[in-house]
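Summary of the model geometry
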Amino acid sequence: QVQVVESGGGLVQAGGSLTLSCVASGSILSINGMGWYRQTPGKQRELVASVTSGGSANYVDSVKGRFTISRDDAKNAVYLQMNSLKSEDTAVYYCNVECRRLDRSPYLQYIVWGQGTQVTVSS
């Protein structure tokens, strides 16, 4: 099995900062893409930021210039530094990992989700 655990969410005032962390563990052969998504009640989950195994990052327009995604392959971790937070950033943030597993065929990729962490920005 592969587990993904997020941490770092919380309550912050508008204009403040938070850093989310996500660590993958278990039967991991290799990790390809890693990403952060968010979801609010009644809305679809949206991609916030993603980073490839080569380090290329992609952001949704609404967070460009404010959020930074980074990864530490030695730790199987991905981070999301969030600055200049706005009330509209309030959501549950989920980590997503694309990986190949030690206990499965090396030709198959799996998408594993974390349980989510709440970010609340007060105005």
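Quick note: structure is the one above.
Let us look at the structure shown here. (Residues numbered from 1 in each chain as written. Predicted model: local features only at pLDDT ≥ 70, side-chain atom pairs only at ≥ 80, totals over all residues. Heavy atoms only, no water.)

Within the protein chain, the secondary structure is distributed over zero helices and eleven strands. Starting at the N terminus and ending at the C terminus, the protein chain contains elements arranged as β-β-β-β-β-β-β-β-β-β-β. The 123 residues of the protein chain split such that 37% are buried. Contacts spanning at least 24 positions in sequence make up 57% of the contacts within the protein chain whose residues lie at least 6 apart. Of the accessible surface of the protein chain, which amounts to about 6,500 Å², a share of 48% is contributed by carbon and sulfur atoms. (Helix = DSSP H or I, 4+ residues; strand = E, 2+ residues; numbered from the N terminus. Buried < 20%, exposed > 50% of the residue type's maximum accessible area, 1.4 Å probe, protein only. Contact = heavy atoms within 4.5 Å. Areas by Shrake-Rupley, 256 points an atom, 1.4 Å probe, with all protein chains shown as cover.)

Our focus in this paragraph is the state of the cysteines. All chains considered together, the criterion is met by one disulfide. The partner cysteine of cysteine 22 in its disulfide is cysteine 95, sulfur to sulfur 2.0 Å. Between cysteine 22 and cysteine 95, the disulfide has an S-S torsion of -80° and is therefore left-handed. Remark: cysteine 95 occurs in strand β9 (residues 91-101) and cysteine 22 occurs in strand β3 (residues 18-26); sequence separation between them is 73 residues. You'll find cysteine 22 and cysteine 95 in the same group, each marked buried. The thiol sulfur of cysteine 99 is not disulfide-bonded, and the nearest other cysteine sulfur, from cysteine 95, lies at 11 Å. (Disulfide = S-S within 2.5 Å.)

The next subject is the sheet that holds β3. Across the sheet, which stays open at both edges, the four strands sit in the order β1-β3-β8-β7 with antiparallel pairing between neighbours. Whereas interior strands pair on both sides, the edge strands pair on one side only; in this sheet they are β1 (2-7) and β7 (67-72). The average undirected angle you get between the axes of adjacent strands in this sheet is 15°. The pairing of β7 with strand β8 (residues 77-82) spans six bridges and is antiparallel. From the neighbouring strand, isoleucine 69 faces β8, where its bridge partner is leucine 80. (Pairing = 2+ DSSP bridges. Axes fitted to C-alpha atoms, helices over the stretch in contact; angles between N-to-C directions.)

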